[in-house]
Amino acid sequence: LEAPGVSLFRSEQVRSSDTPESLLQRLGVADPAAAAFMRSDTPVRQNVLGRTGRIVSAETTDDHRLVRLTVRWVPDDSGDFRRLVVERAGDKFSSRIETARLTTSSRLAGGIIHSSLFAATDASNIPDSVAVQVAELFSGNIDFRRALRKGDRFSVVYETREADGEPLASGRVLSAEFVNNGKKHEAIWFQEPGAAKGAYYTLDGESMRRAYLTSPVEFSRVTSGFKMRMHPILKTWRAHLGMDIAAPTGTPVRTVGDGVVEFAGVQN
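1. Here's the deal with the pattern of salt bridges
Two side chains of opposite charge can pair, provided their charged atoms sit close to one another. One pass over the structure, following the stated rule, counts 18 salt bridges. Of the charged contacts in the structure, one is a salt bridge between D63 and R65, with a shortest N-O distance of 3.5 Å. Residue D63 is classed as partly exposed on the basis of its relative accessible area of 43%. When its relative accessible area of 37% is taken as the criterion, R65 is described as partly exposed.

In structure tokens form, the structure reads like this:
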């Protein structure tokens, strides 16, 4: 009896340094003809080579020749994703780009703090954007720089946006629980049907919106506090009636409520 042929599947993420050969090699493909086509094909050069983080899947024969290569990515906030398909037909290859709708589902994950929040979320394969939301959500109750304890634990339910069953992007945190030094903090997202905005609440119905922030920017450092200091220009001992915070250019500024920016730039 002849042994039936089988199809093999494997997924990877595109790296900015990838060549057709290195990408196919990580996918378990040994097909010089496919590599040559990818090098000469305009859609592949524009949307795969030189990119980073895009999900790529390969279907191969049992002798590792390429049958179909699929690359998926989210180009904007429209709710659609792009699908680039490279397909074999006999001895030739062709490519096409398709547009399809993302599907939204929810995922439950959790972890235990051993060193930092981001180390714990990385160990649990939780996206960084979700970890940032958790830190933002509980930053009014927990000082994530100084108050974390080894053994603190957390759980989170968050939205994930999928393309053909592959998670491409994460969305909003729907609910979260954080146990810090034995004290439990909980939050849940609620949005009235038809309302444009929602908000986070405790399970007792209290709003999580804070009256103040520990810092108006993420991952910042205080360069000069509210204190007496030597004035850097006047060279006299004066009170510094404010707080200077340094952060990389482009860091978003946070606020406790809606507002209008009155000035952005350099003064005096």
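2. Details of the sheet that holds strand β6 (residues 103-112)
Read across the open sheet, the five strands follow the order β6-β7-β8-β9-β10; overall the sheet is antiparallel. At either end of the open sheet lies a strand with only one pairing partner, and these are β6 and β10 (199-201). Strand-to-strand twist across the sheet, computed as the mean angle between neighbouring axes with direction ignored, equals 30 degrees. With 10 bridges joining them, strand β7 (residues 153-163) and strand β8 (residues 166-180) adopt antiparallel strand pairing. Looking across to β8, one finds that Y158 is bridged to V173.

3. A few points about the sheet that holds strand β3 (residues 66-73)
Ordered by their spatial adjacency, five strands build an open sheet running β1-β2-β3-β4-β5, and the pairing between neighbours is antiparallel. This sheet does not close on itself; its edge strands, each paired only once, are β1 (8-13) and β5 (92-101). Shown here is a sheet whose adjacent strand axes are inclined to one another by a mean of 15 degrees, direction ignored. Across six bridges, the pairing between strand β2 (residues 55-60) and β3 is antiparallel. Residue pairing for β3: V56 is matched across the bridge by V71.

4. Digging into the pairing of β2
With six of its six residues buried, β2 lies for the most part within the structure. Of the two faces of β2, the one lined by I55, S57 and E59 and the one lined by V56, A58 and T60 are each fully buried. Bridge count between β1 and β2: six bridges; the pairing is antiparallel. Its bridge partner being in β2, L8 is matched across the sheet by T60. Adjacent in sequence and paired antiparallel, β2 and β3 are bridged by five residues, among which H64 carries a positive phi angle near 70 degrees.

5. Some remarks on the pairing of β8
The turn linking β7 back onto β8 is made up of two residues, and D164 within it adopts a positive phi angle of 55 degrees. Alignment of β8 against strand β9 (residues 183-190), held across six bridges, turns out to be antiparallel. Bridge pairing links S175 to I188 in β9. Between β8 and β9, which pair antiparallel in sequence order, lie two residues; one of them, N181, sits at a positive phi of approximately 55 degrees.

6. As for helix α5 (residues 128-138)
Because an α-helix completes one turn every 3.6 residues, residues spaced three or four positions apart along the sequence face the same direction. Along α5, the residues that are buried comprise V130, A131, V134, A135, L137 and F138. Buried residues of α5, viewed axially, fall in a sector of 160 degrees; they line one side. Lining the buried residues of α5 we find α4 (117-123), β7, β8, β9 and β10.

7. Things to note about the side chain of R26
With respect to the secondary-structure elements, R26 resides in helix α1 (residues 20-26). Those residues in contact with R26, other than ones at most four positions away along the chain, are R10, E12, Q13, V14, R15 and D18.

8. So, a nonpolar patch on the surface
A surface patch of nonpolar side chains, about 550 Å² in accessible area, is lined by V222, F226, L241, M243 and I245. Within the secondary structure, L241 sits in the loop between β13 (237-240) and β14 (244-246). Taking relative accessible area as the criterion, L241 reaches 71% and is therefore assigned exposed.

9. Observations regarding the side chain of E59
If you trace the backbone, E59 turns up in strand β2. For E59, a relative accessible area of 14% corresponds to the buried category. A polar contact is formed between the side chain of E59 and the side chain of S7, at a distance of 3.4 Å. There is a polar contact of 2.6 Å between the side chain of E59 and the side chain of R68.

Here is what the cut-offs are and how they apply
Residues numbered from 1 in each chain as written. Predicted model: local features only at pLDDT ≥ 70, side-chain atom pairs only at ≥ 80, totals over all residues. Heavy atoms only, no water. Salt bridge = Lys/Arg side-chain N within 4 Å of Asp/Glu carboxyl O. Buried < 20%, exposed > 50% of the residue type's maximum accessible area, 1.4 Å probe, protein only. Pairing = 2+ DSSP bridges. Helix = DSSP H or I, 4+ residues; strand = E, 2+ residues; numbered from the N terminus. Axes fitted to C-alpha atoms, helices over the stretch in contact; angles between N-to-C directions. Arc of directions from axis to C-beta. Contact = heavy atoms within 4.5 Å. Patch = residues over 30% accessible without salt bridge, like charges linked within 9 Å, V, L, I, M, F, W, Y side chains within 5 Å. Areas by Shrake-Rupley, 256 points an atom, 1.4 Å probe, with all protein chains shown as cover. Polar contact = N/O pair within 3.5 Å; in protein donor to acceptor, adjacent residues only side chain to side chain.

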